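The lines below spell out each chain.
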Amino acid sequence: QVQLVESGGGLVQAGGSLTLSCVPSGSIFSFNVMGWYRQAPGKQREVVARITRVSITNYADSVKGRFTISRDNAKNTMYLQMNSLKPEDTAVYYCNNGGPTYSGSVFLPWGQGTQVTVSS
């Protein structure tokens, strides 16, 4: 069973930047679509960005122009570069595959995520 490990979160001021990494215990690149998700306190988990095996991307409207998702197939790693961070970006960030609705894949067990806190 693939385990997902997210890292790179932290506390940053509004306008700052962070880069998150997703390193699985097994190969994630059998999944055509991978994604970053986030869950803020009291809210449902939401998709932030997705990327296909050939690096076609899409983003939630709230992060377009500020976040960039990428993947390095050779390193078996996925990234989320986050710029111009806003307090409303504060959440626990998770990686996973594209999910059943978007990609037909059952979600892998969720990892612990990485906390991103943006202060105003």
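### Some points on the nonpolar core
The tendency in soluble globular proteins is for nonpolar side chains to be buried as a group. Of all hydrophobic cores here, the largest spans 26 residues; its most connected members are Trp 36, Val 48, Phe 67, Met 78, Leu 80, Met 82 and Tyr 93. Of all elements in the fold, only β3 (18-24), β4 (33-39), β5 (46-52), β7 (67-72), β8 (77-82), β9 (91-97) and β10 (114-119) reach the threshold of two or more residues within this core. When neighbours within four sequence positions are excluded, Tyr 93 is seen to be in contact with Glu 6, Leu 20, Trp 36, Tyr 37, Arg 38, Val 48, Phe 67, Leu 80, Met 82, Gly 113, Thr 114 and Val 116.

### Section: the pairing of β8
Successive side chains on a regular strand alternate, one facing one side of the sheet and the next facing the other. Strand direction decides the pairing type here: β3 and β8, joined by five bridges, are antiparallel. If you follow Leu 18 over to β8, its bridge partner there is Met 82. Sheet topology places β7 next to β8; six bridges connect them, and they run antiparallel. Pairing of Arg 71 across the sheet is with Met 78, part of β8.

### Overview of the sheet that holds β3
Sheet architecture is open: four strands sit in the order β1-β3-β8-β7, paired in antiparallel fashion. For this open sheet the edge positions go to β1 (4-7) and β7, each flanked by a neighbour on one side alone. Going from strand to strand, the sheet's axes swing by 15° on average, the running direction of each strand aside. In this structure, β1 lies alongside β3, joined through four bridges in antiparallel fashion. When the bridges of β3 are listed, Leu 4 appears paired with Pro 24.

### Considerations on the state of the cysteines
Tallied over the full model, the rule gives one disulfide. A disulfide bridge connects Cys 22 with Cys 95, and the sulfur atoms are separated by 2.1 Å. Here the S-S torsion is close to 65°, and the disulfide linking Cys 22 with Cys 95 is therefore right-handed. Of this pair, Cys 22 sits in strand β3 while Cys 95 sits in strand β9, placing them 73 residues apart in sequence. With respect to class, Cys 22 is no different from Cys 95; both count as buried.

### As for the sheet that holds strand β2 (residues 10-13)
Taken together, the six strands give an open sheet; going across it, the order is β2-β10-β9-β4-β5-β6, and neighbouring strands pair in mixed fashion. In this open sheet, the two edge strands, each paired with only one partner strand, are β2 and β6 (57-59). Within the sheet, the average angular offset between the axes of one strand and its neighbour, ignoring direction, is 20°.

The rules behind the values
- Residue numbers restart at each chain and count upward from 1, following the sequence in its written direction.
- Only residues with pLDDT of at least 70 are given local features in this predicted model, and only at 80 or more are side-chain atom pairs given and counted; all residues enter the totals for whole chains, interfaces and linings.
- The basis for every side-chain value is the complete set of heavy atoms in the structure, and neither hydrogens nor water enter the calculation.
- In plain words, nonpolar cores are sets of buried Ala, Val, Leu, Ile, Met, Phe, Trp, Tyr and Cys residues tied together by side-chain atoms within 4.5 Å.
- Burial status follows relative accessibility: with a 1.4 Å probe on protein chains alone, a residue under 20% of its type maximum counts as buried, one over 50% as exposed, and anything between as partly exposed.
- By definition, any uninterrupted DSSP run of H or I lasting at least four residues is a helix, any uninterrupted run of E lasting at least two residues is a strand, and each is numbered from the N terminus.
- Here a residue-residue contact requires only that any non-hydrogen atoms of the pair lie within 4.5 Å.
- A pair of strands counts as paired when DSSP detects no fewer than two bridges linking them.
- Angular values range over 0 to 180 degrees, each being the angle between N-to-C directions of two axes fitted as lines to C-alpha atoms, with helices fitted over their stretch in contact.
- Any two cysteine sulfur atoms lying within 2.5 Å of each other are counted as a disulfide.

What is shown is where atoms sit, not what they do.
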